[in-house]
Structure formats: structure tokens, C-alpha cells
Amino acid sequence: GMMAGADRIEGTLFGNGERTGNMDIVTMAMNFYSQGVDPQLDFSKMQHIVDVAEAVTDIAVGPRHPYAGELVYAAFSGSHQDAIRKCLVEKERPWNVAYLPIDPEDVGRSYEAVVRINSQSGKGGVLHVLERDFNITMPRWLQTEFSKVVQREAEHDGGEINAIRVRRLFDQHYLDIPTGWRLLGYDLHQEAGKVSAQIRLGEEHLPREISAIGNGALDALVVALQAHLNLHMSIESYDEFSLGSDSRATAMACVALLVNGSPISAVAMAKDTTSAAMQAVLNALGRTQPSALSAGHPGAA
């Protein structure tokens, strides 16, 4: 109407007027804004407008109001969360994020709450929370596995799971070091294409040492553990990531093992990739053999 020459447009805040059918100025103006047309109305402090309108009228703004509602910038379904996460990683300008027609910051909101985790959430949503709040990423195979852990927890509770609980679940299932399985140190020597490894593990008051020769440091550790514990294990998947120089741990390793035919996954962080990889293997094995190492005898494999 304005573009066609009207002097003014009459409407209401959030559709609340003397009867039904009153045009919501907020929705109309923000629809224009989302298409690149300046409505010449300032909604940069949308929550303040909501607060005043609710206080004056004693009528609550619906949580799913198109631009002002509490849930507008939240996504629950896994497919939506994954699409939003991928768009945010690209950080395109001008704003171009699936399911979010405007940048939430333009109305005084943030997209920190875009992804909210419940039983419907998929691997994309869970990964987004870990990346956003803890700078932790995961390979696709671990995303799929861990999302099922989070879904089970959400189904058990029947509600949402916040970022702190997601991180706690991640630590509990993958990152925490089982008692007696801490990597204390290692010595590696390469000769004729093979790596000889002496590995110290356990606890400071009760260290143990195992040794073996393998195609690399990780292979030597697997060979030593198999001989020392009389079991069969193999590495099915392995991925490593850099955490950045501003963290105490600068490397993260994710491993998936088969131990006597049973799958187990684990994660570890350390100052270097070799230590992270070795600790990840020890974390995984320690969850399947919690007392095997302490029950065994110290010595070389």
C-alpha cells in the first residue's frame, strides 16, 4: 500500500486490536525487511517492544509469532538443525540461512538458541551444540552414534537437553579416562619401516609398561595391548582434529574399535595427535576391560 502511494497504513502491534482481523504491523514490516525492503520502522529491540506491549495490554505474544515469538529462532527437528548448522558455518553475507529469513541479531536476538536438543534432534543438532559451545567437532560416524545416545536421554526425560548435559554425555561415553588407563608417556623408535614403542600407562602411583613393534605408534599400541591382555582388537575408524593453539589440548582423536568382536568408540584430547590417538584407544579399551589391566602383571608384551 505504501509503495502504491498510500499516506499511511494502520495496524496493530502483534495483531491485538478492538476486534479480530487487525493487521499485525510487526509481521508486515518484517516481511518487507526479510525481502530487502526497508519498512522505516525500528524493530532492533524486539524483545523490549514485546515486554511493553504485554505489560500494557496484559496479552501475551504467542511463542510462535513469526518474528517476535520465543521459539522463532529455535529449531527442534534434526533435518532443520543440520541445514541451519551448515549455513551458519558458511557465514554467508548477505544473510542466507535456511529456515531463518532474517539474522536474529537484527532484532536484538541471537542464534545461540537456534538449536535446542530433544528426542527429535538429529546428529546435525547435537554436533552444532558441541561446536558452538565447546569447539568440539566429530566425524560423521561418531555423530550418528552419539546422537542416538542423546536421543535416548531425551526420551527418558521427556524434554529438552541443554548444552551442558550434551557435553556431560559426550564426556561420559567417550572422553573420560577410565581408572588405570591413563597414558603416562611413551618412547618411539623407527627402524626399517617399523616403529618400536615403549608405552607407560596406568596411574602415577601404579604405572605399567608395555612394548611392541608395529607399522606405526598406534599399531604398536594395539599389538602390545592384544598380547598383554590376550584379546583381539582392531581399529575400524580413526579421525583426528585440531583444537587450536588457545586450548590446553591442541589435538583430538576419535577411534572406533572392535574388541573381541564388540564395537566400542572413544575420544581423547592431548597436546599432540599421537598422545590423543593412544589415549583414545586406551579410553575405548578401558570401557570394555575395566579391570583387565590392573589384574594383569606388569611387564613387556
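Criteria and thresholds
- Residues numbered from 1 in each chain as written.
- Predicted model: local features only at pLDDT ≥ 70, side-chain atom pairs only at ≥ 80, totals over all residues.
- Heavy atoms only, no water.
- Patch = residues over 30% accessible without salt bridge, like charges linked within 9 Å, V, L, I, M, F, W, Y side chains within 5 Å.
- Areas by Shrake-Rupley, 256 points an atom, 1.4 Å probe, with all protein chains shown as cover.
- Salt bridge = Lys/Arg side-chain N within 4 Å of Asp/Glu carboxyl O.
- Helix = DSSP H or I, 4+ residues; strand = E, 2+ residues; numbered from the N terminus.
- Buried < 20%, exposed > 50% of the residue type's maximum accessible area, 1.4 Å probe, protein only.
- Pairing = 2+ DSSP bridges.
- Axes fitted to C-alpha atoms, helices over the stretch in contact; angles between N-to-C directions.
- Contact = heavy atoms within 4.5 Å.
- pLDDT = per-residue confidence, 0-100.
- Parallel < 35°, antiparallel > 145°, perpendicular 65-115°, else oblique.
- Nonpolar A, V, L, I, M, F, W, Y, C, P; charged D, E, K, R; others polar.

This paragraph deals with a nonpolar patch on the surface. On the surface, a nonpolar cluster with roughly 240 Å² of combined accessible area is contributed by Met2, Ile9 and Met23. As for its placement among the helices and strands, isoleucine 9 is situated in the segment before helix 1 (25–34). What makes isoleucine 9 partly exposed here is its relative accessible area of 31%.

This paragraph deals with the sheet that holds strand 3 (residues 206–214). Here we have three strands laid out as an open sheet, ordered 1-2-3, and antiparallel in their pairing. Across the chains shown, the open sheet's two edge strands, defined by having one partner strand only, are strand 1 (182–191) and strand 3. Pairwise comparison of adjacent strand axes, ignoring direction, gives a mean angle of 15° for this sheet. Set on the sheet, helix 7 (residues 217–229) makes contact with strand 1, strand 2 (194–203) and strand 3; between it and strand 3 the angle comes to about 115°.

Moving on: the pairing of strand 5 (residues 251–259). A regular strand places its side chains so that they alternate between the two faces of the sheet. Of all the nine residues making up strand 5, eight are buried; the element is thus mostly covered by neighbouring parts of the structure. Sheet topology places strand 4 (residues 233–242) next to strand 5; nine bridges connect them, and they run antiparallel. Bridged to isoleucine 235 within strand 5 is leucine 257. Note that strand 5 and strand 6 (residues 262–270) share nine bridges and pair antiparallel. Its bridge partner being in strand 6, leucine 258 is matched across the sheet by proline 263.

Another aspect to go through is the confidence of the model for the protein. In the predicted model, the protein carries a mean pLDDT of 85, and 91% of its residues have values of at least 70. Segment residues 295–301 is flagged for pLDDT under 50; beyond a separation of four residues in sequence, or across chains, it makes 15 contacts in the model.

This brings us to the pattern of salt bridges. Summed over all chains, the structure comprises five salt bridges. The residue glutamate 10 makes a salt bridge to arginine 8 at a minimum N-O spacing of 2.8 Å. Here glutamate 10 falls in the exposed class, since its relative accessible area comes to 57%.

Before going further, it helps to spend a moment on unusual backbone geometry. Phi at phenylalanine 14 takes a positive value of approximately 65°, unusual for a residue other than glycine. Secondary-structure assignment places phenylalanine 14 in the segment before helix 1. Residue classification places phenylalanine 14 among the buried residues on the basis of a relative accessible area of 10%. The phi torsion at asparagine 230 lies on the positive side, around 55°, for a residue other than glycine. Tracing the chain through its elements places asparagine 230 in the loop between helix 7 and strand 4. Judged by relative accessible area, asparagine 230 falls into the exposed class, the value being 72%.

Our focus in this paragraph is the packing of helix 4 (residues 123–134) against helix 5 (residues 140–157). Two elements in contact, helix 4 and helix 5, have axes separated by 8 Å at closest approach and are oriented at 95°. Considering their axes alone, helix 4 and helix 5 lie roughly perpendicular with respect to each other. Counted together, Lys123, Val126, Leu127 and Leu130 of helix 4 and Arg140, Gln143, Thr144, Phe146, Ser147 and Val150 of helix 5 form the full contact between these two elements. Its residues placed into classes, the contact of helix 4 with helix 5 shows five nonpolar, three polar and two charged.

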